[in-house]
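Survey of secondary and tertiary structure
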Amino acid sequence: FSFSSNLNLAMAQNLSSDQKATESARQIQMLTQQAVADAKRATELNRLNPQNWGNLASIYQALIGSVEGTEQLTLDALNQQMLLDQVSPGSRLTAGNLFMNFNQLDQAQQYLVQAANLKPDWNVVHYSLASLFMKQQKYPEAAGELQRTLDLTASNNEDYKKIQAELEKVKELLPKEGTPSAAPSVKPTSVPTPKAK
């Protein structure tokens, strides 16, 4: 069912990007509804499989902005995935980025810190933390997280120079008294875990 849900969603997205598809609006809606139904069916068949919940979350996430209420449905599915998989950082990163997009920065930080604590060598989560700290105008913390991102990114990676340039821009925003090359990460002593529904 997970494969079927992703296939139906991909077909709906392809149709919606086609300029000639205005007459196919009903077909797009049908494929989208089928994608959601298949993903939900997978969770019903095996409620204890975190991948099923992750797939449902990704289907809902793809519909954010076009279908009302999918923001909360995405977070609910992610919450269920996190309850079933306590050690995987991916769902926490996704939840953190969603909360950041919703401008709910405290919640974003909780989930991103959880992801960083679970996988400290993941450059993507440190980059998200840097983005969060930039939004909060916490420039020393942003510089620290960008430095960590850089340290964890291969120098031949195409993103390396982009991260390096961002780090230099953030360093210009630091107080002139001292410019730390890597500020400590924010690590709360206790991070809330997702609650069961």
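Everything below is about the structure printed above this text.
Let me begin by describing the structure that accompanies this report. Note that this is a predicted model, so its numbers are computed, not measured.

Cut-offs and rules
- Residues numbered from 1 in each chain as written.
- Predicted model: local features only at pLDDT ≥ 70, side-chain atom pairs only at ≥ 80, totals over all residues.
- Heavy atoms only, no water.
- Core = buried A, V, L, I, M, F, W, Y, C linked by side-chain atoms within 4.5 Å.
- Buried < 20%, exposed > 50% of the residue type's maximum accessible area, 1.4 Å probe, protein only.
- Helix = DSSP H or I, 4+ residues; strand = E, 2+ residues; numbered from the N terminus.
- Expected span 1.5 Å × (residues − 1).
- Arc of directions from axis to C-beta.
- Contact = heavy atoms within 4.5 Å.

**Focus: the nonpolar core**
In this structure, Leu 78, Leu 112, Leu 129 and Leu 132 are the most contacted members of the largest nonpolar core, which totals 40 residues. Residue assignment for this core shows that the elements contributing at least two residues are helix H2 (25-45), helix H3 (50-62), helix H4 (70-84), helix H5 (90-101), helix H6 (105-118), helix H7 (123-135), helix H8 (139-151) and helix H9 (160-171). When residues in this core are grouped by element, the largest group, seven residues, is from H6.

**A closer look at H9**
Compared with the 16 Å implied by 1.5 Å per residue over twelve residues, the 17 Å span of H9 between its first and last C-alpha is a close match. Within the span of H9, buried status applies to Tyr 160, Ile 163, Leu 167 and Val 170. One face of H9 carries all of its buried residues, which in axial projection span an arc of 90°. H9 presents Lys 161 and Lys 169 as exposed residues on the side facing more than 90 degrees away from its buried surface. Contacts from the buried residues of H9 go to H7 and H8.

**A closer look at unusual backbone geometry**
A positive phi angle is found at Asn 103, which is not glycine, with a value near 65°. Residue placement: Asn 103 occurs in the loop between H5 and H6. One non-glycine residue, Gln 137, adopts positive backbone phi at about 60°. Turning to its location among the elements, Gln 137 is positioned in the loop between H7 and H8. Gln 137 gets classed as exposed once you look at its relative accessible area, which sits at 58%.

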